[in-house]
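# A closer look at the structure
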Amino acid sequence: DAGVIQSPRHEVTEMGQEVTLRCKPISGHDYLFWYRQTMMRGLELLIYFNNNVPIDDSGMPEDRFSAKMPNASFSTLKIQPSEPRDSAVYFCASSLAKGLTEAFFGQGTRLTVV
Amino acid sequence: SQQGEEDPQALSIQEGENATMNCSYKTSINNLQWYRQNSGRGLVHLILIRSNEREKHSGRLRVTLDTSKKSSSLLITASRAADTASYFCATDFLSGNTPLVFGKGTRLSVIA
């Protein structure tokens, strides 16, 4: 397996534009997590899915953020409209179980909103 | 916040020395994991220690867990320049439905 695959690796967009981040988890993993990493706040959990169903989205900062998992092999994180304070590295991770086993991280998407 | 906290925030050592990083947390856990992050990359799992374990080894890594003090330490022996990275602890809490919660990490620099 190629691991967790995220795209794009880098995204630069203007304030107000819609941004879509994509993730392909490892095949067979039941859990998918979206994290955001900044220097100030560290690694924050935004939302996670179990068997394609969103379980906890309490970390999603605002209604501007939405996430979907239409099938077991694909998830998106959308920001609409984007703001400069959304600039961060966004990571997708997947695991076999919630917390009981290791999580595998993608390489991240570095988002810059200007 | 339930977030674990690593200590120190930054550590700089010479190659060949040992590096010790600490993690403290606030509520009971199922297990604790350590991850490593190289600059610009995703996190990579290093080791998992369960709440009923006190010590675990993996190569040059040694992890201890003291549930009475709600703390863990990661020891890297005979450090190498390639060990330069940020190290994070992640906790899986007993209560609630929250998955892994990460600390802000310790930035380790190993000078050749």
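Our subject is the structure that appears above.
Read on for an overview of the structure. (Residues numbered from 1 in each chain as written. Chains lettered and ligands numbered in written order. Predicted model: local features only at pLDDT ≥ 70, side-chain atom pairs only at ≥ 80, totals over all residues. Heavy atoms only, no water.)

### Some details on the sheet that holds strand 3 (residues 19–24) of chain A
All names here are of chain A. Here four strands make up an open sheet; going across it, the order is 1-3-8-7 and the pairing antiparallel. Among the strands making up the open sheet, the edge pair consists of strand 1 (5–7) and strand 7 (65–71). For this sheet the average axis-to-axis angle between neighbouring strands, irrespective of direction, equals 15 degrees. Judged from the three bridges that link them, strand 1 and strand 3 form a sheet pairing that is antiparallel. (Pairing = 2+ DSSP bridges. Helix = DSSP H or I, 4+ residues; strand = E, 2+ residues; numbered from the N terminus. Axes fitted to C-alpha atoms, helices over the stretch in contact; angles between N-to-C directions.)

### Remarks on the interface of chain B and chain A
Across the boundary between the two partners, chain B contributes 22 residues, which contact 22 residues of chain A. Of the roughly 1800 Å² buried where chain B meets chain A, counting both sides, 48% is carbon and sulfur surface. Along the contact surface separating chain B from chain A lie zero salt bridges. The tally of links from chain B across to chain A stands at seven residue pairs in polar contact (both at pLDDT 80 or more). Residue classes in the side of chain B that touches chain A are distributed as seven nonpolar, 10 polar and five charged. (Contact = heavy atoms within 4.5 Å. Buried area = accessible area lost by both parts, 1.4 Å probe. Salt bridge = Lys/Arg side-chain N within 4 Å of Asp/Glu carboxyl O. Polar contact = N/O pair within 3.5 Å; in protein donor to acceptor, adjacent residues only side chain to side chain. Nonpolar A, V, L, I, M, F, W, Y, C, P; charged D, E, K, R; others polar.)

### Concerning the pattern of salt bridges
All names here are of chain A. Summed over all chains, the structure comprises 12 salt bridges over all chains. For the salt bridge of R64 with E62, the shortest nitrogen-to-oxygen distance reads 2.8 Å. Of the residues examined, E62 reaches a relative accessible area of 25% and is grouped as partly exposed. Its salt-bridge partner being R85, residue E83 comes within 2.6 Å of it at the nearest N-O pair. Overall, E83 belongs to the partly exposed group, its relative accessible area being 22%. A network of salt bridges, in which partner residues are shared, links E62, R64, E83, R85 and D86. (Buried < 20%, exposed > 50% of the residue type's maximum accessible area, 1.4 Å probe, protein only.)

### Observations concerning the nonpolar core
One finds M21, L32, W34, L74, I76, Y87 and L108 of chain B to be the most contacted residues of the largest nonpolar core, which totals 22 residues. Contacts of Y87 of chain B, omitting those with residues within four sequence positions, involve E6, M21, Y35, R36, L46, L74, I76, G105, T106 and L108 of chain B. The next biggest cluster of nonpolar side chains, apart from the first, holds 21 residues, and it includes L46, I47, I79 and V113 of chain A. (Core = buried A, V, L, I, M, F, W, Y, C linked by side-chain atoms within 4.5 Å.)

### Structural notes on the layout of surface pockets
By volume, the largest pocket is sized at about 900 Å³. Among the secondary structure elements, those contributing two or more residues to the lining of the largest pocket are strand 4 (31–38) and strand 9 (88–95) of chain A together with strand 1 (5–7), strand 9 (85–93) and strand 11 (106–111) of chain B. A breakdown of the residues in the lining of the largest pocket according to their chemical character gives eight nonpolar, 18 polar and eight charged. (1 Å grid on protein atoms, 1.4 Å probe; cavity = no way out; pocket = protein on both sides within 12 Å on 5 of 7 lines; lining within 4 Å. Points joined across faces, edges and corners; volume = space filled by probe spheres on them.)

### Quick word on the sheet that holds strand 1 of chain B
All names here are of chain B. One open sheet accounts for five strands, arranged 1-3-8-7-6; its pairing is antiparallel. Edge positions in the open sheet fall to strand 1 and strand 6 (55–58), since each of these has one partner strand only. Strand after strand, the sheet turns through a mean of 20 degrees between neighbouring axes, direction not considered. Across six bridges, strand 7 (residues 61–66) lies against strand 8 (residues 71–76) in antiparallel orientation. Across the sheet, residue L65 finds its bridge partner in strand 8, namely S72.

### Regarding unusual backbone geometry
All names here are of chain A. In this structure, the amide linkage connecting S7 to the following residue, P8, adopts the cis form with an omega of -10 degrees. Here P8 lies in the loop between strand 1 and strand 2 (10–13). Of note, the phi angle at N51 is positive, near 50 degrees, even though the residue is not glycine. Following the sequence through the fold, N51 ends up in the loop between strand 5 (42–50) and strand 6 (53–56). Of note in the backbone geometry, N52 takes a positive phi value of approximately 75 degrees without being a glycine. For N52, the position within the fold is in the loop between strand 5 and strand 6.

Structural measurements only, silent on function.
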